[in-house]
Structures are given as C-alpha cells and as structure tokens.
Amino acid sequence: MNCDVLVVGAGVVGAATTWALAERGARVLTLDAHGPTHRYGSSHGESRIFRRAYWEGAAYLPLLNRANELWAELEEAHGDTLLVRTGGVFIGSGEGGVVPLGRRTARLGGIEHEVWNAARLADRFPWFGVDEGMTALYEPGAYTVLAARARLAMLDAAVRRRARLRFGDEAERLRPVVDGVEVRLRSGEKISCGVVVLATGPWMQGALAIGLGHVLAPVRVPVYWFRADHRLGIEGFPAFLYESAGGGVVYGVPEWGGGAPRIKVGFHNRQQRPGDPQNTTSHAVAPRFRREMAAVVSRILTGVDPEPVSWRQCYYTLTPDGGFVIDRSPADPRVVHVSACSGHGFKFATAVGECAAALALGEPASVDLSPFTSARFEEERQISRSAPRT
Ligand SMILES: Cc1cc2nc3c(=O)[nH]c(=O)nc-3n(C[C@H](O)[C@H](O)[C@H](O)COP(=O)(O)OP(=O)(O)OC[C@H]3O[C@@H](n4cnc5c(N)ncnc54)[C@H](O)[C@@H]3O)c2cc1C
C-alpha cells in the first residue's frame, strides 16, 4: 500500500484535506495534474470572500462556523497575514434574497450584523450606487481570504506533518481492489491506497467521479478587475454582494497585490456557460459579457472606473441545487467525493477538508454532513439512467 489516503487534486479543497489528514497522522499522498500553483480550475487568484450571514441558507452555518475557526488556526500557525478584515456589505431590496435571507441566517447564527438604509450605506461606503428603497446588511466579521497564499499555507503545513505532494501527475482510472483502491496515473504508474479522496473541482465530472458524473456541471464564468476612482481609492472598501431588482447578484472584493489596488467583480448567477476545464488555452471573455459587466458596474459602483482593466475565465462545478457534495461515493465507500462547490466553496474549504479527512479515516465528522450527501440527487440519477442513449 503506497499510502493510507490518496488525495487527487491540490486545489483549495484537496489542500485542506491534505492538511487535515496530515494533522491526524495519516499517511497521505496528494497528486495534482498541474503544478503547485496554476491558473486553471477554481482556486487560483488573490482573493475570496468569507461571510457567514449566508443568504444561501442556514444549513451552511455549522460548516461556516467551523471553517471560520480553522481559517484563524491556519493564519495563526502560518504566522503571516492570510485573512484581511474588510467586513462585508450585502446590498439589495427587501424583496430579494440577499438581504432578508442573509439577515435570517445572521439572526439564527447569532452573527453580528447591522441593517442599513440607502443613506447610511452611502455615508459609510461611498463607492456604491443605490436607489432610495434599497437596504444593506453589514457583517463586520466578514473578511477576504488571501486565496493563493492560504492554499499554499495549507500545503506547507501538511508537508511539515509529512504529507507527500506530487505535481504533474494526473490520475486516470480508479479500480477497487480487495484492501482499497488502485489508482492508475496517465504515466501508467499505479498507486494503491486504502481510500481515495477526489478533490478534482471542475474535473469531477470525468471518469474518476464514479456514480456522480450525471449531476455535476462544470461551468466557465468570467471575472473582471476594475480600478477604484482615484478620489476614493480602496482603503476601507468592503467585500460585497449586490443584488439588482432583476435578481442578478454581483460580488466584489478589493485586491492589493500585483501593482495598483483593484476591485475584483463577477456575477454570481449570470454569464455562466458550460465549460471544459481541460481547455486551458482560451481565457477570452466575449465582448458582450464585458459590455454587460461595464454597464452594471457603472450603475452599482459609482466610485469605480467602469471600464474593466482586465478579465479572465474561471471554472467551477455546479450541482443541481447549488450546494456541495461531501460524501462517500454512491458506487464505492472507499472513494470520498468533495469539491463540487457550486462556485461558493472557498470559504468552506478548511472545514470541508476536515470533514473529508474524517470520512476517509472512518471517523465522525465535526459537522453534520446530511445536507451535503450525494443521495439527495437520487432522482436525477434515476432520470439519467432511464434516459434513452443517443
Ligand atoms: C471567479 C471565482 C470567484 C470565486 N469567489 C469565491 C468567493 O469569493 N468565496 C468562496 O467561498 N468561493 C468562491 N469561489 C469558489 C471557490 O473558488 C471554489 O469553490 C474552490 O476554489 C473549489 O476548489 P477545488 O479545490 O474544489 O477545485 P480546483 O481549485 O479546481 O482544484 C481541483 C484540482 O484538481 C486537479 N485535478 C483535476 N483532475 C485531476 C486528476 N485526474 N488528477 C490529478 N489532479 C487533478 C486540478 O489540477 C486542480 O488543481 C469562486 C470561484 C471562482 C471561479
């Protein structure tokens, strides 16, 4: 047996799983098809938002709370900044989802928050363009995770605990054997392990995702960078969500690295197109998408130059209900699936990794995982089985 647990994929979820396994003393080997840092898949880039007033639902609270503790632990162990305390402001109308549902979760979870009218918002955060009837939910404890740095900090912590990492090695096939799983690499090498954790992000749909391929949809989604108006700068700029009257939700976050400070902006629920993460050659963004985003930014971010300074494509993996899968494979309990994160998984990664490690080691998870089982997609599985093959 080459290792107790083989983790396939060293994006943020695989990195967190590797860290958690190594902390528990497991013999862990982690493979990634690409290098230690790369710009494919979902985890690259400088920043991700962490927020707990979660309009997506209170079912995420236990996982969010645990993730929050673990991010702080990681930063403490790392000894350098990984979390930037920007706070978060979530803007919308009383009828939409972001403010009322976020407020509901905040109340249920005892999360510090304030609800502001448009005038208070304009006074506190002058970058936003808001109509009179709009409201904002302010979560002072929200923050920005320095994404690339945090992921590397996890891998670093894992290696210090004797985890082994291999880059440029692509897992191609899994084969259940008597005492575990045999994983064949593209190079022809075979690795035997007790359990395999698949943390392959948008590649989850491929041949490795036994029993789940039918419900996972990798999508391509653009992300843009804008310059703040020089009179305002970005000092004090919060992480934000902005829900427009038509239901479009835009997210944004300040970034400080790589030269001039910028604001990263993207749609949370638009401009998504089926995408093949294997296509590593084209990161072009259609001009009509760029025009659409520029028009939205000129309306909602008045303190920002509305012409994007750069843009690129990113990938993530949607499930039918926009939730996660953190579960053993329906086809073989020695295969654990994580990292179908539906575009909002980075903030959870520390806790997801810990839960994946528990599943792999046959231990109880620190969080109730029942909202994240693959069995909730049983109906889709039946439909896809009975669909005529063409
Ligand atoms: C533009 C954008 C903005 C986002 N903003 C936020 C945010 O603000 N907050 C938030 O919480 N979340 C956010 N997300 C979502 C979050 O980034 C993802 O949920 C998270 O990064 C998923 O990580 P992952 O490890 O599952 O996948 P990935 O990062 O894609 O990692 C998968 C890894 O598996 C490797 N791999 C794949 N197949 C194989 C194989 N066969 N063999 C070996 N290796 C393999 C790949 O090379 C890759 O390194 C955002 C996502 C995007 C794209």
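Since the model is a prediction, treat every value here as computed from it, not as a measurement. (Residues numbered from 1 in each chain as written. Predicted model: local features only at pLDDT ≥ 70, side-chain atom pairs only at ≥ 80, totals over all residues.)

**Some points on the pairing of strand 12 (residues 190-198)**
In this sheet, strand 12 lies alongside strand 1 (residues 3-8) in parallel orientation, the contact comprising five bridges. Looking at strand 12, one finds that Val8 is bridged to Leu198. Here four bridges tie strand 11 (residues 180-185) to strand 12, and the two strands are oriented antiparallel to one another. Residue pairing in the sheet places Val181 in a bridge with Cys193 of strand 12. Where strand 11 folds back onto strand 12 in an antiparallel hairpin, the turn is made up of four residues, including Gly188, whose phi is positive at roughly 100°. Of the pairings in the sheet, the one linking strand 12 to strand 20 (residues 335-340) comprises three bridges and is parallel in character. (Pairing = 2+ DSSP bridges. Helix = DSSP H or I, 4+ residues; strand = E, 2+ residues; numbered from the N terminus.)

**What about helix 6 (residues 287-300)?**
Think of an α-helix as 3.6 residues a turn; residues three or four steps apart then line up on the same face. In this model, helix 6 (14 residues) spans 20 Å end to end at C-alpha, consistent with the 20 Å of a helix rising 1.5 Å per residue. Of all the positions in helix 6, only Met293, Val297 and Ile300 are classed as buried. Axial view of helix 6: buried residues confined to an arc of 75°, hence all on one face. Facing away from the buried surface of helix 6 by more than 90 degrees, the exposed residues are Pro287, Arg288, Arg291 and Ala295. Lining the buried residues of helix 6 we find strand 13 (217-226), strand 14 (239-243), strand 15 (249-255) and strand 16 (262-267). (Expected span 1.5 Å × (residues − 1). Buried ≥ 20, exposed ≤ 12 C-beta atoms within 10 Å, placed from the backbone. Arc of directions from axis to C-beta. Contact = placed C-beta atoms within 7 Å.)

**Focus: the sheet that holds strand 8 (residues 143-146)**
Spatial ordering of the open sheet is given by 3-8-4, a layout of three strands whose pairing is antiparallel. A single partner strand is all that each edge strand has here, and the edge strands are strand 3 (47-50) and strand 4 (83-84). Here four bridges tie strand 3 to strand 8, and the two strands are oriented antiparallel to one another. Counterpart to Phe50 in the pairing with strand 8 is Tyr143.

**A short note on unusual backbone geometry**
A negative phi angle is the norm for most residues apart from glycine, just as the trans form is the norm for most peptide bonds. If you check the backbone angles, Arg162 has positive phi at about 75° while not being a glycine. Mapped onto the elements, Arg162 comes out in the loop between helix 5 (147-160) and strand 9 (164-167). When the 11 C-beta atoms within 10 Å are taken as the criterion, Arg162 is described as exposed.

**What about the site of the ligand?**
Every one of the 35 residues lining the ligand counts as a neighbour, but Gly9, Gly11, Gly41, Gly201 and Gly345 are closest to it. Among the elements that take part in the shell around the ligand, helix 1 (residues 12-23) stands out by supplying three residues, more than any other. Of the residues that constitute the shell around the ligand, the class distribution is 17 nonpolar, 14 polar and four charged. Taken domain by domain, the shell around the ligand gets at least three of its residues from each of domain 1 (3-44 + 148-215 + 321-386) and domain 2 (88-140 + 218-318). (Near = placed C-beta within 6 Å. Nonpolar A, V, L, I, M, F, W, Y, C, P; charged D, E, K, R; others polar. Domains from an automatic or database assignment.)

**Remarks on the environment of His214**
Secondary-structure assignment places His214 in the loop between strand 12 and strand 13. A C-alpha to C-alpha distance of 9.7 Å links His214 and Thr319, two positions 105 residues apart in sequence.

**Let's talk about the pairing of strand 11**
Relative to strand 11, strand 10 (residues 171-177) runs antiparallel, the two being bridged by six bridges. Residue pairing in the sheet places Pro176 in a bridge with Val181 of strand 11. The hairpin turn running from strand 10 into strand 11, its antiparallel successor, is two residues long.

**Overview of the domain arrangement of the chain**
Assigned domains of the chain: these are domain 1 (3-44 + 148-215 + 321-386) and domain 2 (88-140 + 218-318). Centre-to-centre separation of domain 1 and domain 2, based on C-alpha positions: 29 Å. On the side of domain 2, eight residues touch domain 1, which itself brings 13 residues to the contact. A class-by-class count of the residues in the side of domain 1 that touches domain 2 yields six nonpolar, seven polar and no charged.

**A closer look at the environment of Gly248**
Relative to the assigned elements, Gly248 resides in the loop between strand 14 and strand 15. The exposure class assigned to Gly248 is partly exposed, which follows from the 16 C-beta atoms found within 10 Å. Setting aside chain neighbours within four positions, we find Gly248 in contact with Phe267, Asn269 and Arg270.

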